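Chain by chain, the residues:
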Amino acid sequence: MALITCQNLTLGYDGKAILQNLNFSVNEGDYFCIVGENGSGKSTLLKTLLRLQAPISGSILMGEGLNPNDIGYLPQQTFVQRDFPASVREIVLSGCQGRCGLRPFYNKEEKELAKKAMEKMRIESLAERCYRELSGGQKQRVLLARALCAARKILLLDEPVSGLDPKVTAEMYDLIEELNQKDEMAIIMISHDIAAAVKYANRILHIGETVFFGTKQEYLQSEMGKNFAMLAGGTKNE
């Protein structure tokens, strides 16, 4: 079942298009990677899917019962996020704000949801620690746990391993794969890491001067996939 379907989507700013006539869908259980050159519009696409900005034209159809507030979002980290003076528990719980409505407090169900999200990210022992005192990898786990509190069926991740060392990067990819495989959470991930994209994704959207959308196998067999994988230091035969 399709969770998100984009039809003839044109994206941009101030009426100026940077991506035109995008057509793709994201299904339940997908691990969907968005790759492409710098400045090609990948982050703009995520913001448009989240309704943080409007498309110039075209439509975004949500699956039955799904709305933008049901989507967990892990943006690229900013300096403010890295230095935020709050406890891990407080930051993770803040992911439940969309569930509270006008209620000015978190209920028992939401607190339990935050607890389970921390357990999944293996950070329950950090619950009372100050976020800004954590390592880069620990901070990303906290922010991913926060996104999980908002997510019902789908997570949008914008370069989730940016700036992390190889060991921590591998651990983050393992956690994301576990969410996809065990929790059946659909993943949409922007990545410059083409090797990781072709390792984990089942479908790939490549945006740039030309656009590709299809399965990982179709991408690796395409000229675009072969050329981009080689330029990015990835593999053609995953």
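Note: the structure precedes this text.
Draft legend 1. Structural view of unusual backbone geometry. Phi at Arg-122 is positive, roughly 60 degrees, even though this residue is not glycine. Structurally, the position occupied by Arg-122 is in the loop between helix H5 (108-120) and helix H6 (136-150). The backbone of Glu-159 shows a phi angle near 50 degrees, a positive value even though the residue is not glycine. Secondary-structure assignment places Glu-159 in the loop between strand S6 (154-158) and helix H7 (166-181). For Glu-159, a relative accessible area of 11% gives the class buried.

Draft legend 2. Highlighting the nonpolar core. Grouped together as the largest cluster of nonpolar side chains are 51 residues, with contacts concentrated most on Tyr-31, Val-92, Ile-123, Leu-144 and Leu-155. Per-element accounting of this core gives the leading share, 7 residues, to H6. Apart from the residues within four sequence positions on either side, Ile-123 is in contact with Val-88, Val-92, Met-118, Arg-141, Val-142 and Ala-145. Residues Leu-11, Met-62, Ile-190 and Leu-205 belong to the second largest nonpolar core, which totals 26 residues.

Draft legend 3. Main features of the side chain of Ser-40. Positionally, Ser-40 belongs in the loop between strand S3 (31-36) and helix H1 (42-49). A relative accessible area of 9% places Ser-40 in the buried class. Here Glu-37 takes part through its backbone oxygen, which lies 2.7 Å from a polar atom of the side chain of Ser-40. Discounting chain neighbours no more than four positions away, the residues touching Ser-40 are Ile-18, Leu-19, Ile-207 and Gly-208.

Draft legend 4. Representation of the pattern of salt bridges. This model, assessed by the stated rule, comprises 9 salt bridges. Put simply, Arg-152 and Asp-70 hold a salt bridge, and the shortest N to O gap is 2.5 Å. Residue Arg-152 is located in the loop between H6 and S6, and its partner Asp-70 is located in the loop between strand S4 (57-62) and strand S5 (71-74); the two are separated by 82 residues in the primary sequence. You can call Asp-70 buried: its relative accessible area is 6%. We note a salt bridge from Glu-178 to Arg-122, for which the minimum N-O separation is 3.1 Å. One end of the pair, Glu-178, is in helix H7; the other, Arg-122, is in the loop between H5 and H6, and 56 residues separate them in sequence. Owing to a relative accessible area of 43%, Arg-122 belongs among the partly exposed residues under this scheme. Each of the salt bridges in this network shares a partner with another, and the network as a whole consists of Arg-141, Lys-167 and Glu-171.

Draft legend 5. Geometry of the sheet that holds strand S9 (residues 212-215). Across the sheet, which stays open at both edges, the 6 strands sit in the order S5-S6-S7-S3-S8-S9 with mixed pairing between neighbours. Among the strands making up the open sheet, the edge pair consists of S5 and S9. Taken pair by pair, the neighbouring strands of this sheet meet at an average axis angle of 15 degrees, ignoring direction. Relative to S9, strand S8 (residues 203-207) is paired through 4 bridges, and the arrangement is antiparallel. For Arg-203, the partnering residue across the bridge sits in S9 and is Thr-215. Seen against the sheet, H6 touches S5 and S6 and runs at an angle of roughly 160 degrees to S5.

Rules used throughout
Sequence order as written defines residue numbering, which begins from 1 separately in each chain. Totals for whole chains, interfaces and linings use every residue, but because this is a predicted model, local features are given only for residues with pLDDT of at least 70 and side-chain atom pairs only at 80 or more, for both listing and counting. To obtain the side-chain values, all non-hydrogen atoms of the structure were included, while hydrogens and water were left out. Under the scheme used here, helices are H or I runs from DSSP no shorter than 4 residues and strands are E runs no shorter than 2 residues, and both carry numbers assigned from the N terminus. Each residue's exposure class comes from its accessible area (1.4 Å probe, protein chains only) as a fraction of the maximum for that residue type: buried when under 20%, exposed when over 50%, partly exposed otherwise. Take the buried residues of types Ala, Val, Leu, Ile, Met, Phe, Trp, Tyr and Cys, join any two whose side-chain atoms come within 4.5 Å, and each joined set is a nonpolar core. The contact criterion used throughout is that any non-hydrogen atoms of two residues lie within 4.5 Å. We define a polar contact as two N or O atoms separated by no more than 3.5 Å, with the added condition that, inside protein, one atom must be a possible hydrogen donor and the other a possible acceptor, whereas residues neighbouring each other in sequence contribute only through side-chain atom pairs. Each salt bridge in this description consists of a side-chain nitrogen of Lys or Arg and a carboxyl oxygen of Asp or Glu lying within 4 Å of one another. At least two DSSP bridges between two strands are needed for those strands to be called paired. Under this scheme, a helix contributes an axis fitted over its contacting stretch, all axes are lines through C-alpha atoms, and angles between N-to-C directions fall in the 0 to 180 degree range.

Any functional reading would require information beyond the geometric quantities listed.
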